[in-house]
Structures are given as C-alpha cells and as structure tokens.
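# Secondary and tertiary structure notes
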Amino acid sequence: MPMAKKPAEKQQQETIQKPPHVGRTFMDVFDVYATYITDQKDRKMIENAYKFAEEKHRGVYRKSGEPYIEHPIEVCYIIAKLQAGPATIAAGFLHDVVEDSDATVEDIRKLFGDDVAFLVDSLTKIQRMKLSHRTEADFEAEDHRKIFLGMAKDVRVIIIKLADRLHNMRTLESLSPARQKALSEETLDVFVPIAHRLGIFTIQSELQDLSLKFLEPEKYKEILRLLDEREKNRNESLSAVKKRIADVIYEHNITFRMESRIKSIYSIYRKMYKKNYNFDEIYDVLAIRIITQSEMNCYEILGLIHAMYKPVPGRFKDYIAMPKPNLYQSLHTTIVAGDGNIYEIQIRTEEMDSIAETGVAAHWKYKEGAHYNPKEEQKDIEEKLHWFRDFINFSSEKEYDGEDAKDYMAALSNDIFNANVYVFTPMGKVIDLPQGSTVLDFAYRIHTKVGESAVGAVVNGSIVPLNTVLKTGDVCEIKTSKNSKGPNEGWLSIVKTAGAKSRIRKFLNEKNAEAFESSNIEKGKNAITEAFRARGYNDENEVMNLISQQKVLDEFHAASVDDLLKMIGARNPTPSSVIEFLNIRTKALPKTSTHYSSQDSKNPVLVEGGSNIAISLSKCCSPIPGDDIIGFITKGKGITVHRVNCPNIKGSSRVIPVRWNEDLGISSYPVDVEVYANDRPNLLADILQVMASKGLAVHDLHAHLTTETMNTVVSMKIFVSSAKILEDTFSMLLGIKGVYTCERIIH
Ligand code: MN
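Residues numbered from 1 in each chain as written. Predicted model: local features only at pLDDT ≥ 70, side-chain atom pairs only at ≥ 80, totals over all residues. Heavy atoms only, no water.

### Quick word on the overall build of the protein
On a plain count of helices and strands, the protein comes out with 29 helices and 22 strands. Counting all 747 residues of the protein, 50% fall into the buried class. Taking all contacts inside the protein whose residues are at least 6 apart in sequence as the whole, residues at least 24 apart take part in 66%. (Helix = DSSP H or I, 4+ residues; strand = E, 2+ residues; numbered from the N terminus. Buried < 20%, exposed > 50% of the residue type's maximum accessible area, 1.4 Å probe, protein only. Contact = heavy atoms within 4.5 Å.)

Here it is in structure tokens:
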C-alpha cells in the first residue's frame, strides 16, 4: 500500500493580502507560543511581561487610533510565529516601555532578569538614536551604522526590530505621505537587506511589498490588476500541471505535499521596471513548490519531472548541494507545460522549507527542555552565517566613524548585502564576495594580514596573479610571502570590495606618514650638521651631543632629539637659531682676521687677499648666494668655490675662506634638485606651477616613476638667485599633495 499522504494544497497569497485579523489579543500570541513553550515558569514570565507592558501603555493610543498595546502584541505575534524563545517574546512585549513610559531598564532587570533587560536596553538605544532627529531626512548614514551596530550584538535584537518595523509598515496608512515615503525608503535600505541576509523570507517579502505600495502606488496597483486578470487562465493550466505531477510522484510512493505561490509583487515590479520585462514575459510569476521528506526524495522528484516536461536550459539550480549564504536550500527548475505555459518548480524538504521561510529563525527555534544560552546561540549563528561575522567586524571598524559613515553604508551594501559570488577556501569555507572581486579581495576578506602579504594565489590548481577575477565555485588558496612589499597605490585599482580598499588606503597613509616623518628627521639632521660644519664643527657626534642637551629640548619645546630634528627639518626652529641659543662661535673661520678681496666687484665671490685669482663656482655642489661656502685652490686654475659640506673637498687642506659678494646685483645660478613624490595625475603640472609662480627657469626636467611603489622622482635644473629663494621654493613644493622630499643634488 502506498504510504504517501494525499497532496495537501494551499494557495499562498499572504504577501498580497492585507494582514489578516487586525486587533489580535494576548491570547492569540499565547496560542502560538504555547505550542512550543510548555515550561510554566517561562509562560508566566511572558505573561507578566505582557501585563507590565499593558499597564505601562494603558491610556496611550497609536496614531491609527488603536490602544498602544496592540503594537507590542502584533510584534510578539510575528516573533512567536518564528518560534522565538521566552526572553525574545518577553522583550517583544516590553520593547517600547522604557522609551514611552516611566519604566527603566533597571525595573525590567529586577522583574525579568538580565537577558530580557539586555534586549530591551539594546532596542531602546536604537530607538533613541532615531528620536534625536527632527525629521527622517536628518537621519543619515551614521545612524544606520549605529543601528546595525546595535543589532549585530545579538540576532534576537534584529528579529524583534524586524517585527517592530513590519508592524509599523502594516499600519503606515495613518502617517503623513512624507513620513510614509521616508519610512518605506529606510525599510528598503536598511531592514530588507538584513532580513534577506538572515533568510527571513516571509518578513523580507512583506516589507518589500509594503514599501513598494507607498513608494510606487500606481505601479503596485497595476501589478495587482495584472495578476488578477490572468488568474483564471492560470488556474486552469496550473491545476492540470499540478495534477499530472502529483499523480506521478504518488505512483512512486514518495511522501510529499504541494503548494503554489505567486511571486512577490516587489519581485515582479523589479523584473518589469528595473529589468524591462513585459508582465507576460515573467514566466516564473507562479511557482509550484513540492515539499518532501529527504534530500534523496528531492532529486527523485526532480528526475520524474524532467522525464515528463522539458526543462528550460540554464534555469536548473541546485541550492541543496550549494546553499545560498543565508542558508537557503532547494532545487529549482523551470519547465514548459504542455499548453506552452512556463512554471518554476521548487523542490525541498520540510526542514529546508522552514529555513526558506524563516531563515536564521529556523535555526534558533526555541528548543524545549534544552538550556537556552544566548551567547552560544549567537556564536552558532555567526558560524552558520559566515557573512555575519564580517557584518559585525564591519560595523565596529573605527575607520568608519563620523563622516565615513556613508562609506560604511556603501561598503556594507556592496561587500556584504550584494555579495553573490561564492568562493571556497581549501578547507571548504565559503567566502562571499561581490561580482568582479579579485584574488586580492578574497585575501583581504580572510584577514588584513593575509591581504597585505599576498603575492598570488592558486585557484583551482593553477597559479594566478592577484588581479584574477574570481567566480562562484572557485577554490582559492592565497600565497603569501614575508618578502612581499605590501600594498601599493596600484592595488587600489585591483580590488573591488570597499573593505579591501579602505584597508589598503589605511596602510598607504600610515606608510606615507612614516616615510614623511623619517625624511623630516633626516632633513633636520642634515640641516643642523651642515650649519655646524660651516662653523668648523665637523664631528657629527659632537653636534648631536650639543643639541641633545635637555636645555635645548626645553628651549624649543621638543619632546626628544628626533622631535627636535623633525622641527628643524621643517625650519622651525632654523638651524641658526639653535646655534645662536647654544652660543656657538665659529671655530675654524675667525672672521676678524680675514681680509677679503673686493677688487672685482663683478665677481660673485670674494677671496681672502687675492685680487687676480680666477674664481669659479663648482659644478658638483652648485653653491648659490646664502650657502656657506669655501674656496678650493686648484693648481693653475685659481679657486673653485664649493659649499662647505661638499663631500668632494672633505678633509682637504687646500681650502681658503671665501665669502659672497653682497654688492653684486641679482643674478641666478643653476641648482640641480630632486623632488620625491607619490605619483598622481597632474603632479608635474603642480610642480611646474610652483616654479612659474617663483619666476624660476627650469631645465632638464626628468620624471622617473617606480611602478612597484608608485613613487616618482622628478629631477631638474632650476635657476635661483639665493639660498633663501631655493628654501622658499622647497617649502612650496613640500606643500604640494604627494610631495614628501626635496633635495639639492651634489654630483
Ligand atoms: Mn515598536
């Protein structure tokens, strides 16, 4: 005898009807949870929570005119349908009392315990964030971030919040059109993605339809009309197909039941208005759902159906072998019926069906008798829904504080809510990424450190570069190396996820700040040793000892020697004011005993005693007026003038003091300089703009880009009249975005 049940039939159209039974009572909620909560203490606690809420809300009415308590009753009805535990239902009754009455979280703690108090406290905080704004328009990305953050702490908070929003959407009629639109938009932006990702399809779908009803009332009505108009035709064909399928399954002794379901209005709307389908082209408006007992049955039924009807190519999907990230499992196929009508068929087990309808809630369904531990439960959910941990990490990232909240919302919606490419680690863990993501995105999703040291990957057994785009089903193993140079600007164009982008940017900013800092210390050290050398102090250690004295640090408010050097590098204080403070006298060049030549007033440099000596400026270090200089005696060629710190004359005894001829009119001298910068568009133009503004001629300009680091070195010969002008030019160059060092070159 066949053991099969008679196929039960149910035409489910809940999503397009008005919500049934407005005005439920506590007993309606009780009837739902009493089916799975039997412990008398738990039941008593829920009842007390209801009584407390009823008392606190007594005399208060909603805008729609009903007593306020109807709202928490409806919210609890929704969460009890999802088989939530006693604490969640109690918190559902109490979710508005702290905000709307004189009750405090401490009162709740005393009466109902820590767990319920925690839930009510979280919900109250989320509510307060919203109330701090006068209008919905003030309600910005930052607040959404905080809501997510508040919800992410405990998935039960999300469930209550979703139920709260669902009932508010059901009763939206009583609000002004502006509020209706604003709340509907927020519902689509914030609550629908969460419901979707948690797999709570029933809530997601109703929230979408309700939002659409208020945002696009005309289109909403039009779709209802079209559905209605086609119903008669559809029903005839549908009954025939269902009967034929049921007969065949029945013959094979497989236990099953069958439902048919109309696609949600919102999803029809999306196909019609976002994807430009005609209503009659949307052939999966109606889905036939077959629910059976085992996975094996699912595949058997699929085989029977494919033997009977022609499947539409490319429409078969096996979400049993490959569940969606929200844990949805089912077989999908689309068939052409004998009369030419097309139907989508979904085949799954009872358990899969309950997950498909209530998602994560199906997993944390209240377990009678078992000790309920919310922390364990949360951990369990985080493990099952691998994106959930990303979501929490995301929401607590410091870098999204304040102004960056918009980035956070964009990142959340791009990286988490729109992730639909599923890639495996070698251990079989699924990482979900948005379309177009690369190996490098995958590496960053595993861990920031893995991203930063990634050099390539093995995808499906082949070695591939970091910019390889991943697709669903790829198995990806990241190759890291200690010798990796780490992120560079080029990586920003490789990654697709906002999370990876912001981490790379953070790394580059830190690296630049470090390079900038050490280059400033180096600059300060050069400047101070150079200034000392001009006064005859050639021993670097002696110089460092002199300036490291506490009195020097105190005088210039420096925290350390490095700090002082950094300040000197930025010319505040200047080397000469440090020297002045130390009261340093020039050692080797006592000015008093030197007599300088002044016979040739056209000569830029004057030399001690000499009148007919040929004087030239050295080409190696290109001294300019204002530099500390010294003469070098070349046999038969007269004197070449060098900067005192020029390594080419270091330690030479053939030197003679010289000084700049201050009476000489202005003329300019060539200097070779190098400008170091992080490359970016228009960098050269900005550098040349500085030269133009200072009236400096530029010759022999070269720019060299190191692609690995995206560093550019711009070298050029410029013509300046004094060291002071060169210094000013350097500080203007350092003010250009990306420029971190300017140097004079000694050949
Ligand atoms: Mn509420």
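Once you've had a look at it, read on.
### A short note on unusual backbone geometry
For Q83, which is not a glycine, the phi torsion comes out positive at approximately 60°. You can see Q83 is positioned in the loop between α3 (70–81) and α4 (86–94). Q83 gets classed as partly exposed once you look at its relative accessible area, which sits at 26%. If you check the backbone angles, S622 has positive phi at about 40° while not being a glycine. Relative to the assigned elements, S622 resides in the loop between β14 (615–617) and β15 (629–634).

### Considering the sheet that holds strand β11 (residues 462–464)
Taken in spatial order, the three strands line up as β11-β10-β12 in an open sheet, and their pairing is antiparallel. Edge strands, defined here as strands with exactly one partner in the open sheet, are β11 and β12 (476–480). Ignoring strand direction, the axes of neighbouring strands in this sheet form an average angle of 30°. Sheet topology places strand β10 (residues 454–459) next to β11; three bridges connect them, and they run antiparallel. Looking across to β11, one finds that V458 is bridged to I463. (Pairing = 2+ DSSP bridges. Axes fitted to C-alpha atoms, helices over the stretch in contact; angles between N-to-C directions.)

### Some remarks on the nonpolar core
Counting 65 residues, the largest nonpolar core has Y33, I89, F93, L94, I108, V116 and L162 as its most contacted members. It is helix α9 (residues 155–170) that provides the largest number of residues to this core, a total of nine residues. Apart from the residues lying within four places of it in its own chain, the contact partners of L94 are A49, F52, A53, I108, F112, V116 and V120. L227, I245, I265 and I301 belong to the second-largest nonpolar core, a separate cluster that totals 41 residues. (Core = buried A, V, L, I, M, F, W, Y, C linked by side-chain atoms within 4.5 Å.)

### Observations regarding a nonpolar patch on the surface
A contiguous nonpolar patch, built from L684, L688 and L701 and spanning about 200 Å² of accessible area, is present on the exposed surface. Among the secondary structure elements, L688 is positioned in helix α28 (residues 683–694). Residue L688 is classed as partly exposed on the basis of its relative accessible area, which comes to 36%. (Patch = residues over 30% accessible without salt bridge, like charges linked within 9 Å, V, L, I, M, F, W, Y side chains within 5 Å. Areas by Shrake-Rupley, 256 points an atom, 1.4 Å probe, with all protein chains shown as cover. Salt bridge = Lys/Arg side-chain N within 4 Å of Asp/Glu carboxyl O.)

### Considering the pattern of salt bridges
Counted under the stated rule, the structure contains 32 salt bridges. K56 is the partner of D102 in a salt bridge, and the nearest nitrogen-oxygen pair spans 2.9 Å. Here D102, found in the loop between α5 (97–100) and α6 (105–112), pairs with K56, found in helix α2 (residues 40–57); they are 46 residues apart in sequence, far enough to count as distant. With relative accessibility at 61%, the residue D102 sits in the exposed group. The shortest N-O distance in the salt bridge between D115 and R156 comes to 2.9 Å.

### What about helix α15 (residues 350–358)?
Within the span of α15, buried status applies to M352, D353, I355, A356, E357 and T358. Count one or two residues on from α15 and you reach G359, which has phi positive near 55°.

### Topic: the coordination of the manganese ion
Six octahedral donors around a metal ideally sit at 90 or 180 degrees from one another, while four tetrahedral donors ideally sit at 109.5 degrees. Taken together, the protein ligands of the manganese ion are H71 (NE2), H95 (NE2), D96 (OD) and D164 (OD), with distances of 2.2 to 2.4 Å. Residue classification places H71 among the buried positions, given a relative accessible area of 1%. (Donors = N, O, S within 2.8 Å, 3.2 Å for Na, K, Ca; no water.)

### Digging into the side chain of H57
Tracing the chain through its elements places H57 in helix α2. Setting aside anything within four residues of it in sequence, one finds H57 in contact with Y68, I69, P72, D96, V97 and D100.

### Thoughts on the environment of P177
Within the secondary structure layout, P177 lies in helix α10 (residues 177–197). We classify P177 as exposed; its relative accessible area is 58%. Considering only alpha carbons, one finds P177 and L215, 38 residues apart in sequence, at a separation of 9.5 Å.

### Notes on the packing of aromatic side chains
Applying the stated criterion across every chain, the model contains 12 aromatic pairs. Centroid distance Y50 to F93: 5.5 Å. Interplanar angle 65°. Geometry classified as edge-to-face. With Y50 in helix α2 and F93 in helix α4, this residue pair connects regions lying 43 residues apart in the sequence. With respect to burial, Y50 and F93 carry one shared label: buried. Put simply, the rings of F26, Y50 and F93 touch in pairs and so form one group of aromatic residues. K219 extends its terminal NZ or CZ atom over the ring of Y273, reaching a point 4.7 Å from the ring centre. The ring of Y309 has R244 sitting right over it, with the charged end atom 4.9 Å from the ring centre. (Phe/Tyr/Trp six-rings, centres within 6.5 Å; stacked < 30°, edge-to-face > 60°. Lys NZ or Arg CZ within 6 Å of the ring centre and 35° of its normal.)

### Considering the sheet that holds strand β16 (residues 638–643)
The strand order across the open sheet built from four strands is β14-β16-β15-β17, with neighbouring strands paired in mixed fashion. If you trace the sheet from one side to the other, it starts and ends with β14 and β17 (655–656), each paired once. Of the strand pairs in this sheet, β15 and β16 are connected by six bridges, and their pairing is antiparallel. What sits directly across from I633, in β16, is I639.

### Focus on the side chain of E452
Here E452 lies in helix α21 (residues 448–452). Buried charge without a salt bridge: E452, with K449 as the nearest opposite-charge side chain at an N-O distance of 4.2 Å. Every residue in contact with E452, bar those within four places of it in the chain, is listed here: Y444, S484, G486, P487, W491 and F507. (Lys, Arg positive; Asp, Glu negative; His and termini not counted.)

### Some thoughts on the pairing of strand β19 (residues 669–678)
Counted residue by residue, β19 has eight buried out of 10 residues, so it is predominantly covered. Note: β19 against strand β22 (residues 739–744), five bridges, orientation antiparallel. From the neighbouring strand, E674 faces β22, where its bridge partner is E743.

### Some words on the confidence of the model for the protein
Confidence in the prediction for the protein averages 81 pLDDT; 82% of positions are at 70 or higher. Predicted confidence is poor over residues 131–139, with pLDDT under 50, and the contacts of this stretch with residues over four places away or in other chains come to 15 contacts. Below pLDDT 50 for its whole length, residues 398–403 participates in 17 contacts with residues either more than four positions away or in separate chains. (pLDDT = per-residue confidence, 0-100.)

### Structural notes on α28
Each turn of an α-helix holds 3.6 residues, which means side chains three or four residues apart point in the same direction. The end-to-end C-alpha separation of α28 is 17 Å, in line with the 16 Å expected for 12 residues at 1.5 Å each. L683, I687, V690 and M691 are the residues of α28 that are buried. Take α28 and look down its axis: the buried residues cluster within an arc of 95°, on one side only. Of the exposed residues in α28, the ones pointing more than 90 degrees away from its buried face are Q689 and A692. Buried positions along α28 lie against β19, β20 (698–706), β21 (711–720), α29 (723–734) and β22. G695 sits one or two residues past α28 and shows a positive phi near 70°. (Expected span 1.5 Å × (residues − 1). Arc of directions from axis to C-beta.)

### A short note on the environment of Y343
Looking at the secondary structure, you find Y343 in strand β7 (residues 342–349). Of the polar contacts made by the side chain of Y343, one reaches the side chain of S237; its length is 2.4 Å. (Polar contact = N/O pair within 3.5 Å; in protein donor to acceptor, adjacent residues only side chain to side chain.)

### Notes on the packing of helix α23 (residues 498–534) against helix α26 (residues 561–569)
As a packed pair, α23 and α26 sit with axes 7 Å apart at the nearest point and diverge in direction by 80°. Accordingly, the angle class assigned to the pair α23 and α26 is roughly perpendicular. For the pair α23 and α26, the contacting residues are E517, N520, I521, K523, G524, K525, A527 and I528 in the first and D562, L565, K566, I568 and G569 in the second. Partitioning the contact of α23 with α26 into residue classes produces five nonpolar, three polar and five charged. (Parallel < 35°, antiparallel > 145°, perpendicular 65-115°, else oblique. Nonpolar A, V, L, I, M, F, W, Y, C, P; charged D, E, K, R; others polar.)

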